[in-house]
Amino acid sequence: MELEELSANPLHKIKWKPPKTTETVDPRIVVNPRQARELLAAVTYVGQRGRGRRLMSLFACMYYAALRPAEAVGLRLQDCRLPASGWGRLRIDVSRPEVNTQ
């Protein structure tokens, strides 16, 4: 249209309406804060040699910072600005997706 190569805008001929969406969240499928705290406490007991603490950190980043699993795995200490109290800052620099053969 900007180059004036078309005589009319073809988008005006499309009969499409955006799908209706629901604004409510189904509480049966979203973790609430109490459930998140219980999950984080429970995963600390998984495995040996600090595996549970690493899992707790992974799931806490995913829940509180809304990170995807690959972003949480790629997070390093130097990417974190965590004050003693209040909000901190995470710099998401890398995503480390992994594909399992199983």
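Computed from a predicted structure; not experimentally measured.

(A) The arrangement of the environment of Glu-2 in detail. Note that Glu-2 resides in the segment before helix 1 (33–43). A residue is classified by how much of its surface remains accessible, and Glu-2, at 80% relative accessible area, is exposed. Each C-alpha atom, one on Glu-2 and one on Leu-39, is 55 Å from the other, the two residues being 37 residues apart in sequence.

(B) Broad picture of the confidence of the model for the protein chain. In this model, the protein chain carries an average pLDDT of 86, and 98% of its residues clear a pLDDT of 70 or more. Averaged pLDDT values over the elements of the protein chain bottom out at 89 in helix 3 (residues 69–74) and peak at 93 in helix 1.

(C) Examining the nonpolar core more closely. If you look at the biggest cluster of nonpolar residues, it comprises 5 residues: Cys-61, Leu-67, Ala-72, Leu-75 and Cys-80. Apart from residues no more than four positions distant in its own chain, Cys-61 is found in contact with Ala-66, Leu-67, Ala-72 and Leu-75.

(D) Just the pattern of salt bridges, in detail. Taken as a whole, this structure holds 4 salt bridges when the rule is applied. As a salt-bridge pair, Arg-28 and Asp-26 come within 2.8 Å of each other at their nearest N and O atoms. Note that Glu-38 and Arg-34 form a salt bridge whose closest N and O atoms lie 3.0 Å from each other. Of this pair, Glu-38 and Arg-34 both sit in helix 1, 4 residues apart, which is roughly one turn of that helix.

About the thresholds
- All residue numbers here refer to positions counted from 1 along the written sequence of the relevant chain.
- With the structure being a predicted model, the display of local features is reserved for residues of pLDDT at least 70 and the display and counting of side-chain atom pairs for 80 or more, all residues being used for whole-chain, interface and lining totals.
- To obtain the side-chain values, all non-hydrogen atoms of the structure were included, while hydrogens and water were left out.
- Per the convention used, a helix needs a DSSP run of H or I reaching at least four residues, while a strand needs a run of E reaching at least two, with both numbered from the N terminus.
- Working definition: with a 1.4 Å probe on protein chains only, accessible area under 20% of the residue-type maximum means buried, over 50% means exposed, and in between means partly exposed.
- The predictor attaches a confidence to each residue, and that confidence, scored 0 to 100, is pLDDT.
- Buried Ala, Val, Leu, Ile, Met, Phe, Trp, Tyr and Cys residues form a nonpolar core when they are joined through side-chain atoms within 4.5 Å.
- Two residues qualify as a contact provided that any one of their heavy atoms is within 4.5 Å of a heavy atom in the partner residue.
- By definition, a salt bridge exists where a carboxyl oxygen of Asp or Glu is found within 4 Å of a side-chain nitrogen of Lys or Arg.

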